[in-house]
Amino acid sequence: MTHPTPSASSSHRGVERLTASAGSGKTHRLALRYLDLLLSPKVSDGDLSRILAVTFNNKDDGEMRPRVQAWLEALALQRTPQDLETVQSVSAWTGRPPEALRTASRELLDRIFRRWPELSLKTIDAFLLTLARASAFELGLSPGARVVLDARPLLRKAVGRLLEEAQDDRQA
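Just so it is clear, the model here is predicted, and its values are computed rather than measured.

Considering the overall build of the protein
- A count of helical and extended segments in the protein gives seven helices and four strands.
- Going residue by residue from the N terminus, the α and β elements of the protein occur as β-β-α-β-α-α-α-β-α-α-α.
- Sorting the 172 residues of the protein into buried and exposed places 28% on the buried side.
- Of the contacts made within the protein by residues no fewer than 6 positions apart, 65% connect residues no fewer than 24 positions apart.
- When the accessible surface of the protein is summed, it comes to about 11,600 Å², and 56% of that surface belongs to carbon and sulfur atoms.

In structure tokens form, the structure reads like this:
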């Protein structure tokens, strides 16, 4: 397990932003940071949902949960040489001793399996949709508003308006 270095990383009041080119390891780094926060003694049983990881696309989102789960299992079980390599790597990254990682991982796995839906790993669009739904009233939206991912009807409407305006301009 190697730890890529993003081209830019910034942190402000518990918010960390990673920026780098495609294929540079942002998802790996984000998953590792997420794991570090989950294992932190500052995160109590009720705080799992207070850690949010936002990715750009569904592929990254789909990779993170299994990756974090696999790392936790490796840290908790420490059975195979690959598990031990993961332990050493995460230990170096977090600064926590291997035995502390094993104990924390076992406890965390138990919590996560009981509260799996509370893990906040989302794409940016899913996160923004969650915010919009939570703030529907304040935004003047219907609570049952839907997101339309097919842009064709909007494009047709826009082109129709453009043609109407062009026609009006010719008549004027």
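Moving on from the coordinates now.
Quick look at the pattern of salt bridges
- Under the criterion given, the structure shown has two salt bridges.
- Residue Asp 36 pairs with Arg 33 through a salt bridge whose shortest N-O separation is 3.3 Å. Here Asp 36 pairs with Arg 33, and both are found in helix 1 (residues 26-39), just three residues apart, close to one helical turn.
- With a relative accessible area of 24%, Arg 33 lands in the partly exposed category.
- Between Asp 36 and Arg 96 there is a salt bridge; the shortest N-O distance is 2.8 Å.

Topic: the confidence of the model for the protein
- Averaged over all residues, the pLDDT of the protein equals 80, while 88% of them reach at least 70.
- Here strand 1 (residues 8-12) stands out as the least confident element of the protein, with mean pLDDT 47; helix 3 (residues 81-94) is the most confident, with 90.

Section: the side chain of Thr 123
- With respect to the secondary-structure elements, Thr 123 resides in strand 4 (residues 120-123).
- There is a polar contact of 2.4 Å between the side chain of Thr 123 and the side chain of Asp 125.

What to know about the nonpolar core
- Grouped together as the largest cluster of nonpolar side chains are 26 residues, with contacts concentrated most on Tyr 34, Leu 35, Leu 38, Leu 39 and Leu 72.
- Elements with a minimum of two residues in this core: helix 1, helix 2 (58-77), helix 3 and helix 4 (98-114).
- Sort the elements by how many residues they give to this core and helix 1 lands first, with seven residues.

Comments concerning the packing of helix 1 against helix 3
- Relative orientation of the contacting elements helix 1 and helix 3 amounts to 75°, with a least axis distance of 11 Å. In terms of axis orientation, helix 1 runs roughly perpendicular to helix 3. On helix 3, the residues touching Arg 29, Leu 32, Arg 33, Leu 35 and Asp 36 of helix 1 are Val 90, Trp 93 and Thr 94.

A few points about the environment of Val 54
- Tracing the backbone shows Val 54 in strand 3 (residues 52-55).
- By relative accessible area, which is 30% here, Val 54 ends up partly exposed.
- Linking Val 54 and Ala 126, residues 72 residues apart in sequence, is a C-alpha distance of 8.9 Å.
- Apart from residues lying up to four places away in sequence, Val 54 is in contact with Leu 30, Lys 122, Thr 123, Ile 124 and Phe 127.

About the thresholds
- The residue count restarts for each chain, going from 1 along the sequence in the order it is written.
- Residues qualify for local features only when their pLDDT is at least 70, as the model is predicted, and side-chain atom pairs are given and counted only at 80 or more; totals for whole chains, interfaces and linings, by contrast, use all residues.
- Neither water nor hydrogens contribute to the side-chain values; these are computed over all heavy atoms in the structure.
- Secondary structure counts use DSSP, requiring at least four H or I residues in a row for a helix and at least two E residues in a row for a strand, with both numbered from the N terminus.
- The buried label goes to any residue with under 20% of its type's maximum accessible area, the exposed label to any with over 50%, and the partly exposed label to all in between, with areas taken from a 1.4 Å probe on protein chains only.
- When checking whether two residues touch, look at their non-hydrogen atoms; a contact exists if any pair is within 4.5 Å.
- In this description, accessible areas are obtained by the Shrake-Rupley approach with a 1.4 Å probe, and a residue is regarded as covered only by the protein chains that are shown.
- We count a salt bridge whenever a side-chain nitrogen from Lys or Arg sits within 4 Å of a carboxyl oxygen from Asp or Glu.
- The score called pLDDT rates the predictor's confidence residue by residue, from a low of 0 to a high of 100.
- Here a polar contact is recorded for every N or O atom pair within 3.5 Å, except that within protein the pair must consist of a potential hydrogen donor and a potential acceptor, and residues adjacent in sequence are included only if both atoms are side-chain atoms.
- What we call a nonpolar core is a set of buried Ala, Val, Leu, Ile, Met, Phe, Trp, Tyr and Cys residues that are connected through their side-chain atoms within 4.5 Å.
- Axis definition: a line fit to C-alpha positions, over the contact stretch in the case of helices; interaxial angles, taken between N-to-C directions, run 0 to 180 degrees.
- What sets the label is the angle itself: under 35 degrees gives roughly parallel, over 145 gives roughly antiparallel, 65 to 115 gives roughly perpendicular, and the rest give oblique.

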